[in-house]
Amino acid sequence: MSTTYDKIKEIETEMARTQKNKATAYHLGTLKAKLAKLRRELIAPPKSGGGGGEGFDVAGTGVARVGFVGFPSVGKSTLMSKLTGTFSEVSEIEFTTLTTVPGVLHYKGAKIQILDLPGIIEGAKDGKGRGKQVIAVARTCSLIFLVLDVLKPLTHKAIIEREMEAVGIRLNKQPPNIVFRKKDKGGINMTSTVPLTHLDSDVVRSVLSEYRISSADISLRCDATVDELIDVIEGNRVYIPAVYVLNKIDQISIEELDLIYKIPHAVPVSAHHEWNFDELLEIMWEYLNLARIYTKPKGQLPDYSAPVVLKKDKTSITDFCNSIHKGILKEFSHALVWGNSVKHAPQKVGKDHALVDEDVVSIVKKN
C-alpha cells in the first residue's frame, strides 16, 4: 500500500513528464488539485493527542513575531544572539538548534518576539527532520527572515521558497482576488472581470470535480492561475512578508555586494561583525507594518518611553483602548489627538477615528 509521500512523488513525476500547453491544461489542473489535497494530509497536525515534541509550542509575547528560517549553519543563531542577547547554540556543525529558541527584541519602543527555528532542510514539507513542527510555527509569524549564506544564496533561496510554497506559506504575495462560494445546488457559475490567460471553465471544473464540488459561485477579479484557484479553495494559505537576510558579507568583494543589493527584499549583513544591522532592523519595522501611539495622561506631558504599538490596519481609537485595557471603552467619552491623523492639535475625536504612526492620544472619560 503506497503512502501519501509515495503518491505525492508519483504525481510530481507525472507533472514533470506532462508538456504544458492548452491541450494538457485540464489534466495538469486535476493533478495540481490532487497534489494540494495530499500535501494537506501530510502537513496537517495529527488529530490524536500524544507528545508533540519538545520546544515547539512557543507562547506569544510582544506585538509581532519574526521567525528566522534557513539551512543549518548559515548564521541564524549568531544573528539572533547579537540582535536579542538570547543564546541559541552556535556551531559550525549542521543541525545544532533542535528546538525553537525564543528571544525578545526591543525596537522603537516595541517588543518583538524573535524565533530561531531549527534549520529547515530540503524535504521538510514531506515531514523529514522536524519539518512539520518548524512549519507549524513558521505559519504563525508576522514576518519571516530567510537567512542565507551569501556564498550560495540563490540555490538555498529556491529550495526554501519551494518548501514554503508546498506547505501553504506564500512569501511576499497578496491573496488572489477570487471570490469562491460553495452552494448546495445550481451548478458552477463562473464570472470574470478581467481577461483570463491561465484558466478557462474546463480547467476550473476539473479542479472543482477533484474536490467533489458540483455547485459553486466563482468570481475571478484577477488573471488567476490554477495554483491561485487551488489556494482559494483550500482556504488554509498564509501570506507572510519575508526578508532575505544574506549573511557573511565579510567574505565577498564590494562588486559582489553591489550585485546582491539587486535581489528584491534582500538585506546583506555580517552577523559575526554586526555589519548593517541598522538597515535590517529598519526594513523589519517597515515590513511588520506597525504604528506607535503615545499616551498623554491629563495635565501631563506625553509618555514617549512606552508607546502602544498597533498594526497599521487596526489603529482606531477602539483598538487603541482595547490594547491598553478592555474596560476603558465603558467609560469612554472622547479622545484628544495630536499628530498627522488630525487637522488641528488637539482634535476631539470619537471611537472610530484612525490613528497614524507617532500620534499622541489623551482619553477623556465620562463624568
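Everything here concerns the structure above.
Residues numbered from 1 in each chain as written. Predicted model: local features only at pLDDT ≥ 70, side-chain atom pairs only at ≥ 80, totals over all residues. Heavy atoms only, no water.

**Student:** Which parts of the structure should I look at to understand the overall build of the protein chain?
**Tutor:** Of regular secondary structure, the protein chain possesses 10 helices and 16 strands. In the protein chain, buried positions account for 46% of the 367 residues. A separation of at least 24 residues holds for 65% of the contacts in the protein chain among residues at least 6 apart in sequence. (Helix = DSSP H or I, 4+ residues; strand = E, 2+ residues; numbered from the N terminus. Buried < 20%, exposed > 50% of the residue type's maximum accessible area, 1.4 Å probe, protein only. Contact = heavy atoms within 4.5 Å.)

**Student:** Teacher, can you tell me more about helix α1 (residues 4–17) here?
**Tutor:** The periodicity of an α-helix, 3.6 residues per turn, causes residues three or four positions apart to be oriented the same way. Between its first and last C-alpha atoms α1 spans 20 Å; for 14 residues at 1.5 Å apiece the expected length is 20 Å, and the two agree. Listed as buried for α1 are I8, I11 and M15. Taken down its axis, α1 places every buried residue within 65° of arc, on the same side. Within α1, the exposed residues directed more than 90 degrees away from the buried face are E10, A16 and R17. (Expected span 1.5 Å × (residues − 1). Arc of directions from axis to C-beta.)

**Student:** Would you take a moment to explain the packing of aromatic side chains for this structure?
**Tutor:** All told, the structure shown has three aromatic pairs when counted by the stated rule. Geometrically, the ring pair formed by F68 and F145 is edge-to-face, given 5.3 Å between the ring centres and 75° between the ring planes. On the criterion of sequence distance, the pair formed by F68 in strand β1 (residues 64–70) and F145 in strand β4 (residues 143–149) is long-range, its members being 77 residues apart. Grouping residues by exposure puts F68 and F145 together as buried. Between Y107 and W285, the ring centres sit 6.0 Å apart and the planes meet at 65°, which makes this aromatic pair edge-to-face. (Phe/Tyr/Trp six-rings, centres within 6.5 Å; stacked < 30°, edge-to-face > 60°.)

**Student:** Would you mind showing me how to read the sheet that holds strand β6 (residues 178–182) here?
**Tutor:** One key point about sheets: their strands pair by backbone hydrogen bonds, in either a parallel or an antiparallel sense. A sheet is described by the order of its strands in space; here three strands give the open sequence β6-β8-β7, paired in mixed fashion. Where the open sheet ends on each side, the last strands, each with one partner, are β6 and β7 (188–192). Looking at each pair of strands side by side, their axes are set apart by 5° on average, direction ignored. Of the strand pairs in this sheet, β7 and strand β8 (residues 216–220) are connected by five bridges, and their pairing is parallel. Within β8, the residue paired with N189 across the bridge is D217. This element, helix α6 (residues 201–210), spans β6, β7 and β8 of the sheet and lies at about 135° to β7. (Pairing = 2+ DSSP bridges. Axes fitted to C-alpha atoms, helices over the stretch in contact; angles between N-to-C directions.)

**Student:** Could you clarify how one ought to interpret the sheet that holds strand β14 (residues 332–338) in this entry?
**Tutor:** Read across the sheet, five strands follow the order β13-β12-β16-β14-β15 without closing on themselves; strand pairing throughout is mixed. The outermost strands of the open sheet, each flanked by one partner alone, are β13 (303–311) and β15 (347–349). Here the average twist between neighbouring strands, direction ignored, is 40°. Note: β14 against β15, three bridges, orientation antiparallel. Each bridged residue has a counterpart across the sheet, and for L336 the counterpart in β15 is K348. Sheet strands in contact with helix α10 (residues 317–324) are β12 (290–295), β13, β14, β15 and β16 (359–365), and its direction is about 115° off that of β13.

**Student:** In this structure, what is going on with the nonpolar core? I would like to understand it.
**Tutor:** Across soluble globular proteins, nonpolar side chains have a tendency to be buried as a group. V66, L79, I144, F145, L280 and M284 are the most contacted members of the largest nonpolar core, which has 58 residues in total. When residues in this core are grouped by element, the largest group, seven residues, is from helix α9 (residues 277–288). Ignoring sequence-local partners within four residues, the contact set of V66 consists of I112, Q113, I114, L115, C141, L143, F145, M284 and L288. By size, the runner-up hydrophobic cluster in this structure holds 20 residues, among which are L208, A216, I218 and V226. (Core = buried A, V, L, I, M, F, W, Y, C linked by side-chain atoms within 4.5 Å.)

**Student:** I tried to follow the pairing of β12 on my own but got confused; where do I start?
**Tutor:** Within a regular strand, the side chains alternate between the two sheet faces. By the criterion of burial, β12 is predominantly enclosed, with five of the six residues buried. With five bridges joining them, β12 and β13 adopt antiparallel strand pairing. By the bridge assignment, T295 is partnered in β13 with D303. Two elements, β12 and β16, share three bridges in a ladder whose sense is parallel. Bridge pairing in β16 links Y294 to V360.

**Student:** What is the right way to read the pairing of β1 from this model?
**Tutor:** Counting buried positions along β1 gives seven out of seven residues, so the element sits mostly inside the fold. In β1, alternate side chains face the same way, and those of A64, V66, F68 and G70 on one face and R65, G67 and V69 on the other are all buried. Relative to strand β3 (residues 110–116), β1 runs parallel, the two sharing five bridges. Across the sheet, G67 pairs through a bridge with L115, a residue of β3. Sheet analysis places β1 next to β4, joined by five bridges and oriented parallel. Considered in β4, the bridge of G70 is made with V147.

**Student:** Whenever I open this one, α9 confuses me. Can you help?
**Tutor:** Over its 12 residues, α9 extends 16 Å from the first C-alpha to the last, a length consistent with the 16 Å expected when each residue adds 1.5 Å. Remark: N289 follows α9 within two positions and exhibits a positive phi of approximately 60°.

**Student:** Please clarify how the side chain of R65 should be interpreted in this entry.
**Tutor:** By secondary structure assignment, the location of R65 is in strand β1. At 2.6 Å, the side chain of R65 forms a polar contact with the side chain of T140. (Polar contact = N/O pair within 3.5 Å; in protein donor to acceptor, adjacent residues only side chain to side chain.)

Keep in mind that these numbers describe shape and distance, not what the molecule does.
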